[in-house]
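Read off the chains here:
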Amino acid sequence: RKEVEQDPGPFNVPEGATVAFNCTYSNSASQSFFWYRQDCRKEPKLLMSVYSSGNEDGRFTAQLNRASQYISLLIRDSKLSDSATYLCVVPMAGGSYIPTFGRGTSLIVHP
Amino acid sequence: NAGVTQTPKFQVLKTGQSMTLQCAQDMNHNSMYWYRQDPGMGLRLIYYSASEGTTDKGEVPNGYNVSRLNKREFSLRLESAAPSQTSVYFCASRRLAGVVDTQYFGPGTRLTVL
């Protein structure tokens, strides 16, 4: 099993839709989780951090399910500008901070 | 405040040539990272430096060397480039302050090895 797995998509949704992505991770000892956004041919940028059960920021909600070892990202009222690749990042537990990235989930929001 | 800068932005090499990718950050962060990103793949960690004077291998270190020249700069060297090293290379630094834990990425270097 890969350490961090994501459905690559693409998820193709109309403006205004609600869409959710999941990310599963293998290391049950991991304590922190992140969602990064990457626009085409650009660098990734932090979207949200998840430390406990969840986090909400405007239209974006991230949730953590430790029992099933996955995190989710929910986007409500999708905008055209939300079109991007969403990367799940799970630092491996241990002495050094070694972030492991999922392959990303592609979202396309159309008019 | 430039954040994380990388040079060059684009580079074409022939097999066997060497080059150094430069990365600098002006945010006084201790930790810095080098990743490569290939089509359809996530970012894979090549090397990282937890603090000035230390470097460690990541997931895919073969064919690369690094130098943490000082707190600001972390360079990646390809001694003998191979076509398999064609990729986009991202440098990042990490801010850790209380509950704030963020990686800041440079704009990337697009490398083609012929």
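Residues numbered from 1 in each chain as written. Chains lettered and ligands numbered in written order. Predicted model: local features only at pLDDT ≥ 70, side-chain atom pairs only at ≥ 80, totals over all residues. Heavy atoms only, no water.

(A) The layout of surface pockets, seen in detail. One number sums up the size of the largest pocket: a volume of about 430 Å³. Forming the boundary of the largest pocket are 18 residues, of which A:Gln38, A:Arg41, B:Gln37, B:Asp38 and B:Pro39 lie nearest the centre. Broken down by element, the residue count for the lining of the largest pocket peaks at three residues, all from strand E9 (residues 87-97) of chain B. A class-by-class count of the residues in the lining of the largest pocket yields six nonpolar, six polar and six charged. (1 Å grid on protein atoms, 1.4 Å probe; cavity = no way out; pocket = protein on both sides within 12 Å on 5 of 7 lines; lining within 4 Å. Points joined across faces, edges and corners; volume = space filled by probe spheres on them. Helix = DSSP H or I, 4+ residues; strand = E, 2+ residues; numbered from the N terminus. Nonpolar A, V, L, I, M, F, W, Y, C, P; charged D, E, K, R; others polar.)

(B) Examining the interface of chain B and chain A more closely. Each side of the interface is counted separately: chain B has 20 residues, and chain A has 18 residues. Each partner contributes to the roughly 1600 Å² buried at the junction of chain B and chain A, and carbon and sulfur atoms together form 54% of this total. On the chain B side of the interface with chain A, the three residues burying the most area are B:Asp101, B:Gln103 and B:Phe105, jointly 27% of the side's total. On the surface where chain B and chain A come into contact, there are zero salt bridges. For the pair chain B and chain A, the interface holds three residue pairs in polar contact (both at pLDDT 80 or more). Listing elements by their share of the side of chain B that touches chain A, those giving two or more residues are strand E4 (31-37), strand E5 (43-49), E9 and strand E10 (100-105) of chain B. For the side of chain B that touches chain A, the element with the most residues is E10(B), which contributes five residues. Classifying every residue of the side of chain B that touches chain A by side-chain character gives 11 nonpolar, six polar and three charged. (Contact = heavy atoms within 4.5 Å. Buried area = accessible area lost by both parts, 1.4 Å probe. Salt bridge = Lys/Arg side-chain N within 4 Å of Asp/Glu carboxyl O. Polar contact = N/O pair within 3.5 Å; in protein donor to acceptor, adjacent residues only side chain to side chain.)

(C) Looking closely at the state of the cysteines. All names here are of chain A. All chains considered together, the criterion is met by two disulfides over all chains. Disulfide partner of cysteine 23: cysteine 88, at an S-S distance of 2.0 Å. Looking along the S-S bond of the cysteine 23-cysteine 88 disulfide, the torsion reads about -75 degrees, which is the left-handed sense. Linking cysteine 23 in strand E3 (residues 19-25) with cysteine 88 in strand E9 (residues 84-92), this pair joins segments that are 65 residues apart in sequence. Each member of the pair, cysteine 23 as well as cysteine 88, carries the same accessibility label: buried. (Disulfide = S-S within 2.5 Å. Buried < 20%, exposed > 50% of the residue type's maximum accessible area, 1.4 Å probe, protein only.)

(D) Structural context of the pairing of strand E11 (residues 109-113) of chain B. Residue and element names in this part refer to chain B. Among the five residues of E11, four are classified as buried, and the element is accordingly described as predominantly covered. Pairing between E9 and E11: three bridges, direction antiparallel. Its bridge partner being in E11, valine 88 is matched across the sheet by arginine 110. (Pairing = 2+ DSSP bridges.)

(E) Local environment of the side chain of A:Gln38. Looking at where A:Gln38 falls in the secondary structure, it is placed in strand E4 (residues 33-38). Residue classification places A:Gln38 among the buried residues on the basis of a relative accessible area of 8%. Of note is the side chain of A:Gln38, whose polar atom sits 2.8 Å from the backbone oxygen of A:Lys42. Residue contacts for A:Gln38: discarding those within four places in its chain leaves A:Glu43, A:Pro44, A:Ala84, A:Thr85, A:Leu87, B:Gln37, B:Leu43 and B:Phe90.

By themselves these figures say nothing about function.
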